[in-house]
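# Structure at a glance
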Amino acid sequence: MLQPQTFGSYHSPPHQLHEDLFASAAHRFLRDANNHRTLPINGSDQTIEFLLSRLNLTSDDPPFHGHTTPIDDGGASSSRSIPPPMAFEGSHQQQQQQVSNWAQPSTTNGPLVAHHNINVGTGFSGRGPYPHNQLINYSQRQDFYNYFDHRFLHGTGSTPSDARYNDPVVPFARENSSLYALAQQLTPDFMVGKIAFLAKHQIWSGALVLKLEGGLGVVELNMVLLEVMECWDDLLRNQFGGQFVQKLFTVCDEDQRTRIIMTITRFPFKLISVCLHPSGTKSVQKLLEKLSTPQQISLVVASLIPGAVVLATDCKGQHIIHYCVRRFPVEYTKHLLSEITENCFSIGTSKSGCCVLQSCVDNARGEARPQLILAIIENAVQLAEDPYGNYVVQHLLEMGIPELTKYILRRFQGCFVSLSCNKYASNVVEKLLQSGDEVSVTIIIELLRSPNASMLLVDPYGNFVIQNALSTAKGELYDSLERFVQANEASMQNNLYGKKILAWFVKKKPYIDKKKPYYF
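Just so it is clear, the model here is predicted, and its values are computed rather than measured.

About the cut-offs
Residues numbered from 1 in each chain as written. Predicted model: local features only at pLDDT ≥ 70, side-chain atom pairs only at ≥ 80, totals over all residues. Heavy atoms only, no water. Helix = DSSP H or I, 4+ residues; strand = E, 2+ residues; numbered from the N terminus. Buried < 20%, exposed > 50% of the residue type's maximum accessible area, 1.4 Å probe, protein only. Contact = heavy atoms within 4.5 Å. UniProt positions renumbered as here; feature names shortened; annotations may be inferred. Expected span 1.5 Å × (residues − 1). Core = buried A, V, L, I, M, F, W, Y, C linked by side-chain atoms within 4.5 Å. pLDDT = per-residue confidence, 0-100. Phe/Tyr/Trp six-rings, centres within 6.5 Å; stacked < 30°, edge-to-face > 60°. Lys NZ or Arg CZ within 6 Å of the ring centre and 35° of its normal. Salt bridge = Lys/Arg side-chain N within 4 Å of Asp/Glu carboxyl O. Disulfide = S-S within 2.5 Å. Polar contact = N/O pair within 3.5 Å; in protein donor to acceptor, adjacent residues only side chain to side chain. Axes fitted to C-alpha atoms, helices over the stretch in contact; angles between N-to-C directions. Parallel < 35°, antiparallel > 145°, perpendicular 65-115°, else oblique. Left-handed = near helix turned anticlockwise from the far one by under 90°. Nonpolar A, V, L, I, M, F, W, Y, C, P; charged D, E, K, R; others polar.

Let us look at the overall build of the protein. A count of helical and extended segments in the protein gives 32 helices and 4 strands. Buried residues in the protein amount to 42% of all 520 residues. Partitioning the intrachain contacts of the protein with sequence separation of at least 6 by distance along the chain shows that 65% fall at a separation of at least 24.

Put into structure tokens, the structure is as follows:
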């Protein structure tokens, strides 16, 4: 007979356990059969194999890894291969003792974990990484391993016990008892000097948040606040550290929140650098949403003023300016708006800054708004020719304020031909042509009197201005434009953009007073 195989100090392969289970089942079957005397049975290997062949083995069983032996089922046509049964020497009692001794941990190599397969039910008890070779229920193993891995990963130096399965789990941690178990370890002695490290860790930060939700004592909370204030900028730049600071800010009272804000705003350029960080800007926005006193708001806005231009022109920092202008009263943001007004050109000519200027125009109140609008009008020509600044000027025209439109018209006078040939400014000129009859007449007259007016007929962008002028002109002004186009018909027929103007007459024929065809 063969003994259970061991290789040095290592256990047998996992499939060996299944072989032993088959052998144990066979011996039990032999014992019960001999007791009842229902059929003559001996303990030969051939009879044991015959009995094993009668076990219910379905085709859904997972394949075993190892050697296989064909089954002799006494003439049956099936020759399914299964692991051979394990046999032990001696009497029945000795065999049972050998099985028991083999199943118990007798080596120093560590715990033996049962091989996972569908034949193991929910009531199976297998060895796990418990101290003192304790047994755990199979249904608890997956939860235990998650918990054990977290503990071992972070080097806590302690081994979990089975007491946690008997303790009630609080509702908010019922689906993640591993995280709850970590939160239970966060004692003052454990946390001291480690708050920054734990808060930036993906797993421990969640445990800290659970700890804050469960409530901290006065001593613990003060200890956490002191450590957070020393490295607040590093925490806000971290995804998990920022979430921890937000939760800490929520559980603190007003005085503690003010202390945090005073610490953050003590060095304005640190706060500005955090606002320029992808994760930092999100953390700062969450903190801005939780400001509740005038002192807190004024401290934050005042610390942002030195970096207003940098923030407004940055794709991340612009969100901070947007939030302050939209949410905070004008008495807190007037100095911030003043800084933006003084630098409106540099801000308006950037991709992010043009959006900030439009937001400031819409949300500014009091004296700050007209000052900002006048500053934009003073730079209207340069802004109109910029890829981003032209949107700021168009935004002012879309406000539909007649006086504001007249100011912009006066600013553009003498420059309409050059602006019409510009890729970006031509859009502003077209917007002006649609701002009313009085404005369109002024523009069309200047275009027709210009010695370079014929350039517009063959220009890639000027031809759109001429088409727009033809659509808005009426009466004698329209006739003047028509004669102007007729005079340059020859040069236009050989030009791609001139043909577009000639095609306009074909499309708009029903709106032309004269019925004869034009310019084919």
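What follows covers the UniProt feature "repeat: Pumilio" (unreviewed entry) in the protein. Per the UniProt record, "repeat: Pumilio" (unreviewed entry) is found at residues 227-262, 375-410, 411-446 and 447-486. Across residues 227-262 one finds 89% helix and 0% strand; the C-alpha atoms that close the span lie 15 Å apart. As annotated, residues 447-486 comprises 72% helix and 0% strand, and the C-alpha atoms at either end are separated by 16 Å.

The end-to-end C-alpha distance of helix H18 (residues 330-342), which contains 13 residues, comes to 17 Å, matching closely the 18 Å that a straight helix rising 1.5 Å per residue would cover. Buried residues of H18: Thr333, Leu336, Leu337, Ile340 and Thr341, and no others. Against helix H15 (294-304), helix H16 (308-312), helix H17 (318-327), helix H19 (344-348), helix H20 (353-363) and helix H21 (368-378) lie the buried residues of H18.

With that settled, consider helix H9 (residues 218-230). Between the first and last C-alpha of H9 there are 19 Å, a value that for 13 residues agrees with the 18 Å anticipated at 1.5 Å per step. Among all positions of H9, only Glu220, Leu221, Met223, Val224, Leu225, Glu227, Val228 and Met229 are buried. Packing partners of the buried residues in H9 comprise helix H6 (188-191), helix H7 (195-199), helix H10 (232-237), helix H11 (239-251) and helix H12 (254-265).

With 112 residues, the main nonpolar core has Phe244, Leu288, Phe412 and Ile443 as its most contacted residues. Not counting chain neighbours up to four residues away, the residues in contact with phenylalanine 244 comprise Ile195, Ala199, Leu208, Val209, Leu212, Val224 and Val228.

Taken as a whole, the protein shows an average pLDDT of 75; of its residues, 64% reach a score of 70 or greater. In the model, residues 1-12 has pLDDT below 50 throughout and makes 24 contacts with residues more than four positions away in sequence or in other chains. In this model residues 37-44 is a low-confidence stretch, pLDDT under 50, and it forms 9 contacts with partners more than four residues away in sequence or in other chains.

The final tally for this structure, using the stated rule, is 3 aromatic pairs. Measuring from centroid to centroid gives 5.8 Å for tyrosine 323 and phenylalanine 328, while their planes differ by 80°, and the two rings are edge-to-face. Owing to a relative accessible area of 13%, tyrosine 323 belongs among the buried residues under this scheme. Both rings, one in phenylalanine 412 and one in phenylalanine 416, keep their centres 6.3 Å apart while their planes meet at 90°; by these two values the pair is edge-to-face. Across the pair, exposure class does not vary: phenylalanine 412 and phenylalanine 416 are buried alike. Between lysine 194 and the ring centre of phenylalanine 190, over which it is positioned, the NZ or CZ distance is 4.5 Å.

Right, let's get into the environment of alanine 487. Assignment of secondary structure puts alanine 487 in helix H30 (residues 476-487). Using a relative accessible area of 63% as the deciding quantity, one classes alanine 487 as exposed. Linking alanine 487 and serine 454, residues 33 residues apart in sequence, is a C-alpha distance of 9.5 Å.

So, about the pattern of salt bridges. According to the stated counting rule, one finds 5 salt bridges in the structure shown. One salt bridge connects lysine 200 with aspartate 234, and the closest N-O pair in it is separated by 2.8 Å. Taken together, the residues span a long stretch of sequence, with lysine 200 in the loop between H7 and helix H8 (204-214) and aspartate 234 in helix H10 at a distance of 34 residues. Overall, aspartate 234 belongs to the partly exposed group, its relative accessible area being 35%.

Attention now moves to the state of the cysteines. What the rule picks out here adds up to 0 disulfides. The thiol sulfur of cysteine 275 is not disulfide-bonded, and the nearest other cysteine sulfur, from cysteine 324, lies at 8.3 Å.

You can see glutamine 296 is positioned in helix H15. On the basis of relative accessible area, glutamine 296 is assigned to the buried category, the value being 0%. Sequence-distant contacts of glutamine 296, defined by excluding residues within four places in its chain, comprise Glu254, Arg257, Thr258, Ile261, Lys290 and Leu291.

You can see threonine 281 is positioned in helix H14 (residues 278-289). On a C-alpha basis, the gap between threonine 281 and histidine 319 in space is 7.7 Å, while along the polypeptide they are 38 residues apart. Each residue touching threonine 281, except ones within four places of it in the same chain, is listed here: Val274, Cys275, Lys316 and Ile320. Within the structure, the side chain of threonine 281 is placed 3.1 Å from the backbone oxygen of lysine 316, a separation counted as a polar contact.

On to the packing of H30 against helix H32 (residues 496-507). Between H30 and H32, whose axes approach to 12 Å, the crossing angle comes to 130°. Classified by the angle their axes make, H30 and H32 are oblique. Judged by the twist between their axes, the crossing of H30 over H32 is left-handed. Taking contact as the criterion, the partners of Tyr478, Glu482 and Val485 in H30 are, on H32, Ile501, Leu502, Trp504 and Phe505.

On to the packing of H17 against H20. One can describe the packing of H17 onto H20 by two numbers: an axis separation of 10 Å at closest approach and a directional angle of 5°. One element, H17, and the other, H20, form an angle in the roughly parallel class. Residues Gln318, Ile321, His322, Val325 and Arg326 of H17 form the contact with H20, whose participating residues are Cys355, Val356, Ser359, Cys360 and Asn363. Across the contact of H17 with H20, the residue classes tally to 5 nonpolar, 4 polar and 1 charged.

Once that is clear, we can look at the environment of tyrosine 180. Take tyrosine 180: it is sitting in helix H5 (residues 177-185). The class of tyrosine 180 is buried, set by a relative accessible area of 19%. Sequence spacing of tyrosine 180 and leucine 208 is 28 residues, and the spatial spacing of their C-alpha atoms is 9.8 Å.

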